[in-house]
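Coordinate inspection notes
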Amino acid sequence: MLKKATTLALALATFSSVAVTNHNGEIANMRTWVSGSNTYGVWVSLKSNPSLCPGGFYLPHTSDNKQLVYSTLLAARLSGKPIMIQAADSSYKIGDRCRINYVML
């Protein structure tokens, strides 16, 4: 019985995933912090932020590909092209800002 319960618990843990939402728009503002002392490594606002993320989106300082994502965000900002930002669910929000999961031009 214990073996079945353990197997079920592992299966549920394996199949649980983070809910994500996609948001499209043009970037209005970008902020970056040099020292890492701020909560957000990179903070991005769209011209029209979604109600789920009214404060915009952020990349944490510890993001592995932060430089690559930042470059993509900057390219979108400078070109004026719309971007799609996929944000992690509300368990990863800081205040009214959603954590960026990935971006797509």
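To start, this report covers the structure provided alongside it. (Residues numbered from 1 in each chain as written. Predicted model: local features only at pLDDT ≥ 70, side-chain atom pairs only at ≥ 80, totals over all residues. Heavy atoms only, no water.)

1. Observations concerning the sheet that holds strand 1 (residues 20-25)
Strand order across the open sheet formed by six strands is 1-5-6-4-3-2, with mixed pairing between neighbours. Because the sheet does not close on itself, it has two edges, and the strands there are strand 1 and strand 2 (27-32). On average, each strand axis in the sheet is tilted by 35 degrees relative to the strand beside it, whichever way the strands run. Note: strand 2 against strand 3 (residues 42-46), five bridges, orientation antiparallel. Within strand 3, the residue paired with Arg 31 across the bridge is Trp 43. Set on the sheet, helix 2 (residues 66-79) makes contact with strand 2, strand 3, strand 4 (57-59), strand 5 (83-88) and strand 6 (98-104); between it and strand 2 the angle comes to about 145 degrees. (Pairing = 2+ DSSP bridges. Helix = DSSP H or I, 4+ residues; strand = E, 2+ residues; numbered from the N terminus. Axes fitted to C-alpha atoms, helices over the stretch in contact; angles between N-to-C directions. Contact = heavy atoms within 4.5 Å.)

2. Brief notes about the packing of aromatic side chains
Counting across every chain of the model gives four aromatic pairs. Ring geometry for Trp 33 and Trp 43: centres 6.3 Å apart, planes at 10 degrees, overall stacked. Of the two residues, Trp 33 sits in the loop between strand 2 and strand 3 while Trp 43 sits in strand 3, which places them ten residues apart along the sequence. With a relative accessible area of 26%, Trp 33 lands in the partly exposed category. Its guanidinium or amino end placed over the ring of Trp 43, Arg 31 lies 4.2 Å from that ring's centre, counting from NZ or CZ. (Phe/Tyr/Trp six-rings, centres within 6.5 Å; stacked < 30°, edge-to-face > 60°. Buried < 20%, exposed > 50% of the residue type's maximum accessible area, 1.4 Å probe, protein only. Lys NZ or Arg CZ within 6 Å of the ring centre and 35° of its normal.)

3. Here we look at the nonpolar core
Of all hydrophobic cores here, the largest spans 16 residues; its most connected members are Ile 27, Phe 57, Leu 73, Ile 83, Ile 85, Ile 100 and Val 103. Those residues in contact with Ile 100, other than ones at most four positions away along the chain, are Phe 57, Tyr 58, Leu 59, Val 69, Leu 73, Ile 85 and Gln 86. (Core = buried A, V, L, I, M, F, W, Y, C linked by side-chain atoms within 4.5 Å.)

4. Re the environment of Asn 101
Relative to the helices and strands, Asn 101 is located in strand 6. Considered as a pair, Asn 101 and Tyr 58 are 43 residues apart in the sequence and their alpha carbons are 9.4 Å apart. Those residues in contact with Asn 101 that sit more than four places away from it in its chain are Val 20, Gln 86, Ala 87 and Ala 88. At 2.3 Å, the side chain of Asn 101 forms a polar contact with the side chain of Gln 86. (Polar contact = N/O pair within 3.5 Å; in protein donor to acceptor, adjacent residues only side chain to side chain.)

5. Considering the side chain of Lys 66
On the secondary structure map, Lys 66 appears in helix 2. Although Lys 66 is buried, it forms no salt bridge, and the closest oppositely charged side chain is Asp 64 at an N-O distance of 10 Å. (Lys, Arg positive; Asp, Glu negative; His and termini not counted. Salt bridge = Lys/Arg side-chain N within 4 Å of Asp/Glu carboxyl O.)

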